[in-house]
Amino acid sequence: KLIILIFLIITAQKAPILVLSQCLVGDIMHLVGDSTGIAQHNCINGTYYEGTEGVCQTDGTIDDRLIVDACPEAAGVPYCVQCGPPAPFASLCLSTPEVPSYCDIVNASSSSSSGTRRQPLGWITDLVRFTKRTIRF
């Protein structure tokens, strides 16, 4: 038993230690090559969108790669609907091709006559305001 124990100790000391790089996103740890998520930017047509996908790299950083993909029909959301100007999360995969009413608020405020440009993700603030007004908890 002592010989086996000594063998195991010597072997363990010589064994290489495998360290995998990881990417922390919020409270989720992703391994190298894992997708950290997709941001849909722009509808190409009624079913396809352009966007970016974050991918965990070997140095622990996240690389945003351009993608073109279809809205997932199997998930019940086959229609791509544009909600505001092209920006991260501005195209939505929905179960119907109708533009949601909160997109009307976004589109109206983004084309204001004041001549001021809105921030690319300003529509999210509009959506939150709309949701607070229409949904009572």
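Everything numeric here is computed off the predicted structure, so don't read it as measured data.

Draft legend 1. Highlighting the overall build of the chain. Looking only at helices and strands, the chain has 3 helices and 7 strands in total. Moving toward the C terminus, one meets the helices and strands of the chain in the order α-β-β-β-β-β-β-β-α-α. Counting only residues that meet the buried cut, the chain has 23% of its 137 residues in that class. For the chain, contacts bridging at least 24 residues in sequence account for 34% of all contacts bridging at least 6. Counting only carbon and sulfur atoms, one obtains 61% of the accessible surface of the chain, whose full area is about 9,700 Å².

Draft legend 2. Highlighting the side chain of Ser 91. Note that Ser 91 resides in strand β7 (residues 91-94). The contact partners of Ser 91, leaving out residues within four places of it in the chain, are Gln 40, His 41, Asn 42, Cys 43, Tyr 49, Cys 80, Val 81 and Gln 82.

Draft legend 3. Structural detail: a nonpolar patch on the surface. Among the surface-exposed residues, Ile 44, Tyr 48 and Val 68 lie close enough to one another that they form a single nonpolar patch of about 290 Å² accessible area. Residue Tyr 48 is classed as partly exposed on the basis of its relative accessible area, which comes to 38%.

Definitions and cut-offs
- Residues numbered from 1 in each chain as written.
- Predicted model: local features only at pLDDT ≥ 70, side-chain atom pairs only at ≥ 80, totals over all residues.
- Heavy atoms only, no water.
- Helix = DSSP H or I, 4+ residues; strand = E, 2+ residues; numbered from the N terminus.
- Buried < 20%, exposed > 50% of the residue type's maximum accessible area, 1.4 Å probe, protein only.
- Contact = heavy atoms within 4.5 Å.
- Areas by Shrake-Rupley, 256 points an atom, 1.4 Å probe, with all protein chains shown as cover.
- Patch = residues over 30% accessible without salt bridge, like charges linked within 9 Å, V, L, I, M, F, W, Y side chains within 5 Å.
- Salt bridge = Lys/Arg side-chain N within 4 Å of Asp/Glu carboxyl O.

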